[in-house]
Amino acid sequence: MANNIGEYFTSGSWAGNNATYINPLAAYRATISGTLVTIDVYAYGLQSYKVKIFRDDGTNYNLVGEQAVTLAAGANINIPVTITGVKVGDIIGLYGTGTPILLYATESGKNFTYKSGDAGTSAKSSWTSQDGDKISIAGHIRGETGTFGIIGSLSKWLHLYKPIVSTFTLSGIVALLTFEVRNMYVMGDYLYVLMGSKVYK
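Remember, it's a predicted structure, so these values are computed and weren't measured experimentally.

A. Spatial organisation of the packing of aromatic side chains. For the structure on display, the rule yields 8 aromatic pairs. Taken together, Tyr 21, Tyr 104, Phe 112 and Tyr 114 form an aromatic cluster joined through their ring pairs. One cation-aromatic arrangement involves Lys 134 over Phe 9; the distance from NZ or CZ to the ring centre is 4.9 Å.

B. The arrangement of a nonpolar patch on the surface in detail. The grouping of Trp 14, Tyr 44 and Leu 46 at the surface amounts to a nonpolar patch, some 350 Å² of accessible area in total. Structurally, Trp 14 can be placed in strand β2 (residues 13-15). On the basis of relative accessible area, Trp 14 is assigned to the partly exposed category, the value being 37%.

C. Layout of the pairing of strand β3 (residues 19-22). Residues Ala 19 and Tyr 21 point to one face of β3 and Thr 20 and Ile 22 to the other, with burial holding for every one of them. Summarising the sheet, β3 and strand β8 (residues 91-96) pair through 4 bridges and their orientation is antiparallel. Across the sheet, the residue bridging to Thr 20 is Tyr 95, located in β8. Pairing geometry for β3 and strand β9 (residues 102-116), over 4 bridges, is antiparallel. Bridge pairing in β9 places Ala 19 opposite Ser 116.

D. Region of the structure containing unusual backbone geometry. Of note, the bond from Thr 99 into Pro 100 is cis; its omega dihedral lies within 30 degrees of zero at -10°. By the element assignment, Pro 100 lies in the loop between β8 and β9. Although it is not a glycine, Asn 18 sits at a positive phi angle of roughly 45°. Turning to its location among the elements, Asn 18 is positioned in the loop between β2 and β3. We note that Asn 78 has phi near 55°; this positive angle belongs to a residue other than glycine. With respect to the element layout, Asn 78 can be found in strand β7 (residues 74-86).

E. Structural view of the pattern of salt bridges. Under the defined criterion, the tally for this structure stands at 10 salt bridges. With its nearest N and O atoms 3.1 Å apart, the salt bridge here joins Lys 124 to Asp 56. Taken together, the residues span a long stretch of sequence, with Lys 124 in the loop between β10 (122-123) and β11 (128-135) and Asp 56 in strand β5 (residues 49-56) at a distance of 68 residues. Exposure remark for Lys 124: the relative accessible area of 27% places this residue in the partly exposed category. Between Lys 110 and Glu 107 there is a salt bridge, with the nearest N and O atoms lying 3.0 Å from each other.

What counts and how
Position labels on residues start from 1 in each chain and follow its written sequence. In keeping with the predicted nature of the model, local features appear solely for residues at pLDDT of at least 70, side-chain atom pairs appear and are counted solely at 80 or more, and the whole-chain, interface and lining totals rest on all residues. To get the side-chain values, all heavy atoms of the structure are used, and hydrogens and water are removed first. The aromatic pairing rule takes the rings of Phe, Tyr and Trp, using the six-membered ring of Trp, and pairs them if the centres are within 6.5 Å, calling planes under 30 degrees apart stacked, those over 60 edge-to-face and the rest tilted. Charge-over-ring placement is defined geometrically: NZ (Lys) or CZ (Arg) within 6 Å of the ring centre, and within 35 degrees of the ring normal. Each patch groups residues whose relative accessible area exceeds 30% and which form no salt bridge, using 9 Å between like charges and 5 Å between nonpolar side chains of Val, Leu, Ile, Met, Phe, Trp and Tyr. Accessible surface is estimated by sampling points in the Shrake-Rupley manner with a 1.4 Å probe; for residues, cover comes only from the protein chains shown. Salt bridge, as used here, is a side-chain nitrogen of Lys or Arg placed within 4 Å of a carboxyl oxygen of Asp or Glu. In this description a helix means any DSSP run of H or I spanning at least four residues, a strand means any run of E spanning at least two, and both kinds are numbered starting from the N terminus. Relative accessibility thresholds used throughout: buried, under 20% of the residue-type maximum; exposed, over 50%; partly exposed, between the two (1.4 Å probe, protein chains only). Two strands are counted as paired when DSSP detects at least two bridges linking them.

By themselves, these observations are geometric and do not establish any function.
If you want it as structure tokens, here you go:
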């Protein structure tokens, strides 16, 4: 499944010592609201892990949810999790009890942030930022009915701003099904569209 929070990669160096790590940059934050259902992590293994979701309110990183996970050494792809209540802009993180914890890589303009121990809701000022580096953790959020999600580029999807109509038979009754745009907005290079449906018979 395509990731829509965080970033996953397989080349770099090891980081961590009984700490919680997050990628707080805007490019790594959740692009859709819903439930986190899988994660991809390049982990050191041989320790206890928790995947976490945080929400930035400007002053604190607020813990939205967390789940213990078992990770093997190296690549961990599509590891199932269930963290509900994820919102656009939330941040994915990982806590590990050992040394080291997970993979990081150097890239100009990036940074990860970490806090010693099993971090919960806490002041942003209590976290330490490591500029020029990023950590390898990402996930897939399953969108929920009535939420916004990225569905494509602005130029491709502008024509969706009109009802889509089809007819079908339901228990012997001819019915009319319409899909229509309820709301839409632009963020960066993407068009977010809220779809609604009605059945007439």
